[in-house]
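Descriptive structure summary
Take a look at the letters that make up each chain.
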Amino acid sequence: MQRRKLVVGNWKMHGVAADLAEALAIAEAASAFEQVDVGLCLPATLIERAARALPRLHIGSQDLHHADKGAHTGCVCAAMLLDAGASMAIVGHSERRQAQSENDEEVRAKAEAGLGAALAVILCVGESLDVREAGEAVATVQRQLDASLPRDNSVGKLSIAYEPIWAIGSGRTATCEDIGEMHVALRQRLVAAFGDAGEGVRILYGGSVKAANAAEIFSVDDVDGALVGGASLKAADFVPIIEAAARAG
Ligand code: PEP
């Protein structure tokens, strides 16, 4: 099945108002590639300004709380993100799974909250280096996906990001064979969970994607786009990745 490519930047804890010039340059360049969906998941402090200034780009958050509201100091819920103009959210990024001890159940609740509010949700899964070296990557990540998938929402706006933890920010990428094997294995689990609708869920790769390796990664079957950290901060680095996605079709 042909799925539109989705390329999303994750700015993590980088960016103040002055950096919106880069987001603007990305938005302007992205408009030349209408066949690709492009998003930027920004620090919460920039979402409203970016959404106002860049209406044609999908602006998103890097997390959300699963509850509608309540006594959750420092947290942001789906309704607040929508109110600020966000249209997407990342959930289950490995940096949050590790540093904030988020487990699969919590990630699932966040995914359900985001989808229930009509946000596009990018649900991240991925294995550690130890797991990969023990030959348990596929089984581990399949289990993680099964446990993190939403149970009760339409999956129309769900995407999965396969992000091997050891490839994030390290300059190391998984081989095309490993990426292909994992994406096929994740597709099987999506179809098992959602039937035909599972075929429509985009599976992105993330982990040191850059201009130099994007075309090769996008040539792998079942790679429907990329979640990009470091190389999304500057238009000069990010736009060639969008262009590679457009070329891959
Ligand atoms: C990420 O944090 O989601 C990511 C893929 O980072 P990087 O591209 O810097 O490896």
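You'll find the structure just up there.
Structure report, in brief. (Residues numbered from 1 in each chain as written. Predicted model: local features only at pLDDT ≥ 70, side-chain atom pairs only at ≥ 80, totals over all residues. Heavy atoms only, no water.)

1. Examining the overall build of the protein
Broken down by element type, the protein carries ten helices and eight strands. Whereas a compact globule of 249 residues would reach a radius of gyration of roughly 18 Å, the protein reaches 17 Å, a difference of no more than 12%. Every one of the 249 residues in the protein was classed for burial, and the buried ones make up 51%. Sequence-distant contacts, at least 24 apart, represent 74% of the contacts inside the protein between residues at least 6 apart. Carbon and sulfur atoms form 50% of the exposed surface of the protein, whose accessible area is close to 11,000 Å². Counting 23 positive and 33 negative side-chain charges, the protein places the averaged centre of each group 3 Å from the other. (Helix = DSSP H or I, 4+ residues; strand = E, 2+ residues; numbered from the N terminus. Rg over C-alpha atoms; globule rule 2.2 N^0.38 Å. Buried < 20%, exposed > 50% of the residue type's maximum accessible area, 1.4 Å probe, protein only. Contact = heavy atoms within 4.5 Å. Areas by Shrake-Rupley, 256 points an atom, 1.4 Å probe, with all protein chains shown as cover. Lys, Arg positive; Asp, Glu negative; His and termini not counted. Charge placed at Lys NZ, Arg CZ, Asp CG, Glu CD.)

2. Observations regarding the site of the ligand
Around the ligand, the structure places 14 residues, and the nearest of them are Lys12, Glu163, Gly169, Ser208 and Gly229. Note that an oxygen atom of the ligand is positioned 2.8 Å from one of the side-chain N or O atoms of His93. Residues belonging to the shell around the ligand are distributed by class as follows: four nonpolar, eight polar and two charged. (Near = heavy atom within 4 Å. Polar contact = N/O pair within 3.5 Å; in protein donor to acceptor, adjacent residues only side chain to side chain. Nonpolar A, V, L, I, M, F, W, Y, C, P; charged D, E, K, R; others polar.)

3. What about the packing of helix H9 (residues 211-218) against helix H10 (residues 235-248)?
Running from N to C, H9 and H10 cross one another at 20 degrees; their axes reach a closest spacing of 9 Å. Taken together, the axes of H9 and H10 are roughly parallel relative to one another. Viewed along their axes, H9 and H10 form a crossing whose handedness is right-handed. Across the interface between the two elements, Ala211, Ala214, Ala215 and Phe218 from H9 touch Pro240, Ile241, Ala244, Ala245 and Ala248 from H10. Tallied by class, residues from the contact of H9 with H10 come to nine nonpolar, no polar and no charged. (Axes fitted to C-alpha atoms, helices over the stretch in contact; angles between N-to-C directions. Parallel < 35°, antiparallel > 145°, perpendicular 65-115°, else oblique. Left-handed = near helix turned anticlockwise from the far one by under 90°.)

4. What to know about the environment of Leu186
Inspection of the secondary structure assignment puts Leu186 in helix H8 (residues 176-194). Put simply, Leu186 and Ala111 are 75 residues apart on the chain and 17 Å apart in space, counted from C-alpha to C-alpha. Not counting chain neighbours up to four residues away, the residues in contact with Leu186 comprise Val125, Val141, Gln142, Leu145, Ile160, Tyr162 and Ile203.

5. Some details on the packing of helix H7 (residues 137-148) against H8
Following both chains from N to C, one finds H7 and H8 inclined at 35 degrees, their axes separated by 10 Å at the closest point. In terms of crossing hand, the pair formed by H7 and H8 is right-handed. The segment H7 lies against H8, with Ala137, Val138, Val141, Gln142, Leu145 and Asp146 engaging Glu181, Met182, Ala185, Leu186, Gln188, Arg189 and Leu190. Of the residues in the contact of H7 with H8, the class split is eight nonpolar, two polar and three charged.

6. Thoughts on the sheet that holds strand S8 (residues 225-228)
Overall, parallel pairing links the eight strands, which are arranged S1-S2-S3-S4-S5-S6-S7-S8 in a closed barrel. The sheet shows a mean angle of 25 degrees between the axes of neighbouring strands, taken without regard to direction. Inspection of the sheet shows strand S2 (residues 36-41) paired to strand S3 (residues 58-61) by three bridges, in the parallel sense. The residue bridging Gly39 from the neighbouring strand is His58, located in S3. Its contacts with the sheet put helix H5 (residues 104-116) on strand S4 (88-91), strand S5 (120-125) and strand S6 (158-162), and the angle it makes with S5 is roughly 165 degrees. Sitting on the sheet, H10 touches strand S1 (5-10), S2 and S8, and the angle it makes with S1 is about 165 degrees. (Pairing = 2+ DSSP bridges.)

7. Thoughts on the nonpolar core
Residues Leu158 and Ile160 are the most contacted members of the largest nonpolar core, which totals 70 residues. It is H10 that provides the largest number of residues to this core, a total of eight residues. Ignoring sequence-local partners within four residues, the contact set of Ile160 consists of Leu123, Val125, Leu145, Leu149, Leu186, Leu190, Val201, Arg202, Ile203 and Leu204. In this structure, Val8, Cys124, Leu204 and Leu227 belong to the second largest nonpolar core, which totals ten residues. (Core = buried A, V, L, I, M, F, W, Y, C linked by side-chain atoms within 4.5 Å.)

8. Focus on H7
The end-to-end C-alpha distance of H7, which contains twelve residues, comes to 16 Å, matching closely the 16 Å that a straight helix rising 1.5 Å per residue would cover. Within the span of H7, buried status applies to Ala137, Val141, Gln142, Gln144, Leu145 and Ser148. Seen end-on, H7 carries its buried residues on one side only, within an arc spanning 160 degrees. Residues of H7 that are buried in the fold lie against helix H4 (94-99), H5, S5, helix H6 (129-133), S6 and H8. (Expected span 1.5 Å × (residues − 1). Arc of directions from axis to C-beta.)

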